[in-house]
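What the coordinates show
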Amino acid sequence: MSAGRIGCMTTPAQGSRIPDGALYACDNSKFSSDGKGRYWPGAEAWFAWLERTVERYGPDRCLWALAPDQPFDAAGTLTESLPWLARIRELGIPAAYAAQDGCDAPGLLPWDSFDVLFLAGSTEWKLGPVAERLAREAKARGKGVHMGRVNSRTRLGIAEWFGCDSADGTYLAYGPDKNLPKLLNWLDELDGRPSLVGGTRPFGRHSRRTVKDPTTARRPPIKAAAR
């Protein structure tokens, strides 16, 4: 983690301590480990936790914070997220928005209000052509892209192909001593590939985003986030 290749994903339910020097991202527990959001503490308690987390570990190490969403419901996610995106940005960190099945319908992606597109939704949708198109559009708009629930070399490769800057999963939680070397090898393989996708500064803050020329730039290597 100290090398910056693997970050730490934290949630209100976990209360994880972020290792010194490690990058971190803040999930919201709406989906959570049970897939049903059983650990969601409520919006106000979630935001109080987020404020404490950013104050403790600093905004510069925070890759993004995911606004409250409604898993698998694009319209519900828009309603849940909109009141919080600006408040996340006010903490000095990038605001992430969860893309769900059907979010490509007109008016369901508030592009100007978030900094990172989080590919959530069902597995079939997240790995499909609509998610790929939206990921590439996000990159063209100068935004970061993250894919959730990535627990295999195949899926990590798909995330890289889509142009994702990072991915998360529970792979390391099940046998970290055995699986960490495998994960690092996957990252080595992907980092060594030339990319057809021009890059942006990953997770750029809305106030000072830098976009590189896609005809000359290589996208920064994909990062993995351990839960």
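Everything here concerns the structure above.
Anyway, here's the lowdown on the structure attached to this text.

Rules and cut-offs
- Residues numbered from 1 in each chain as written.
- Predicted model: local features only at pLDDT ≥ 70, side-chain atom pairs only at ≥ 80, totals over all residues.
- Heavy atoms only, no water.
- Helix = DSSP H or I, 4+ residues; strand = E, 2+ residues; numbered from the N terminus.
- Buried < 20%, exposed > 50% of the residue type's maximum accessible area, 1.4 Å probe, protein only.
- Contact = heavy atoms within 4.5 Å.
- Polar contact = N/O pair within 3.5 Å; in protein donor to acceptor, adjacent residues only side chain to side chain.
- Expected span 1.5 Å × (residues − 1).
- Arc of directions from axis to C-beta.
- Salt bridge = Lys/Arg side-chain N within 4 Å of Asp/Glu carboxyl O.
- Phe/Tyr/Trp six-rings, centres within 6.5 Å; stacked < 30°, edge-to-face > 60°.
- Lys NZ or Arg CZ within 6 Å of the ring centre and 35° of its normal.

1. Comments concerning the environment of aspartate 69
By the element assignment, aspartate 69 lies in the loop between β3 (62-66) and α2 (74-90). Classification of aspartate 69 as buried rests on a relative accessible area of 5%. For the pair aspartate 69 and phenylalanine 31, spaced 38 residues apart in the sequence, the C-alpha separation amounts to 8.7 Å. Beyond its immediate sequence surroundings of up to four residues, aspartate 69 is in contact with Asn28, Lys30, Thr77, Glu80, Ser81, Ala98 and Gln100. Here the side chain of aspartate 69 touches asparagine 28 through a polar contact of 3.0 Å, side chain to side chain. Of the polar contacts made by the side chain of aspartate 69, one reaches the side chain of glutamine 100; its length is 2.9 Å.

2. Observations concerning the environment of proline 129
Structurally, proline 129 is set in helix α4 (residues 129-140). The spacing of proline 129 and phenylalanine 162 is 33 residues in sequence and 9.6 Å in space, taken between C-alpha atoms.

3. Observations regarding unusual backbone geometry
If you check the backbone angles, serine 29 has positive phi at about 70° while not being a glycine. In this structure, serine 29 sits in the loop between β2 (24-26) and α1 (43-57). On the accessibility criterion, serine 29 (2% relative accessible area) is buried. Positive phi outside glycine occurs at arginine 149, with the angle close to 55°. Take arginine 149: it is sitting in the loop between β6 (144-147) and α5 (153-162).

4. Some details on α1
Spanning 15 residues, α1 covers 21 Å between terminal C-alpha atoms, matching the ideal 21 Å at 1.5 Å per step. Buried within α1 we find Trp46, Phe47, Trp49, Leu50, Thr53, Val54 and Tyr57. Projected down its long axis, α1 carries its buried residues within an arc of 155°, all on one side. Away from its buried face by more than 90 degrees, α1 exposes Glu44, Arg52, Glu55 and Arg56. Contacts from the buried residues of α1 go to β1 (6-10), β2, β3 and α2. Where α1 terminates, the next one or two residues include glycine 58, which has phi positive at roughly 90°.

5. Considerations on the pattern of salt bridges
Per the counting criterion, the structure on display carries six salt bridges. Across the pair glutamate 80 and lysine 30 runs a salt bridge, and its minimum N-O distance is 3.3 Å. Taken together, the residues span a long stretch of sequence, with glutamate 80 in helix α2 and lysine 30 in the loop between β2 and α1 at a distance of 50 residues.

6. Some thoughts on the packing of aromatic side chains
Taken as a whole, this structure holds nine aromatic pairs when the rule is applied. Seen from their ring centres, phenylalanine 47 and tryptophan 84 are 5.5 Å apart, and the 35° between their planes marks the pair as tilted. You can see phenylalanine 47 sitting in helix α1 and its partner tryptophan 84 sitting in helix α2, a full 37 residues away along the chain. For phenylalanine 47, a relative accessible area of 4% corresponds to the buried category. One aromatic cluster is present, formed by Trp40, Trp46, Phe47 and Trp84 through successive ring pairs. One residue, arginine 87, lies across the ring of phenylalanine 47, its end atom 4.3 Å from the ring centre. The ring of phenylalanine 114 carries lysine 143 above its face, with NZ or CZ at 5.3 Å from the centroid.

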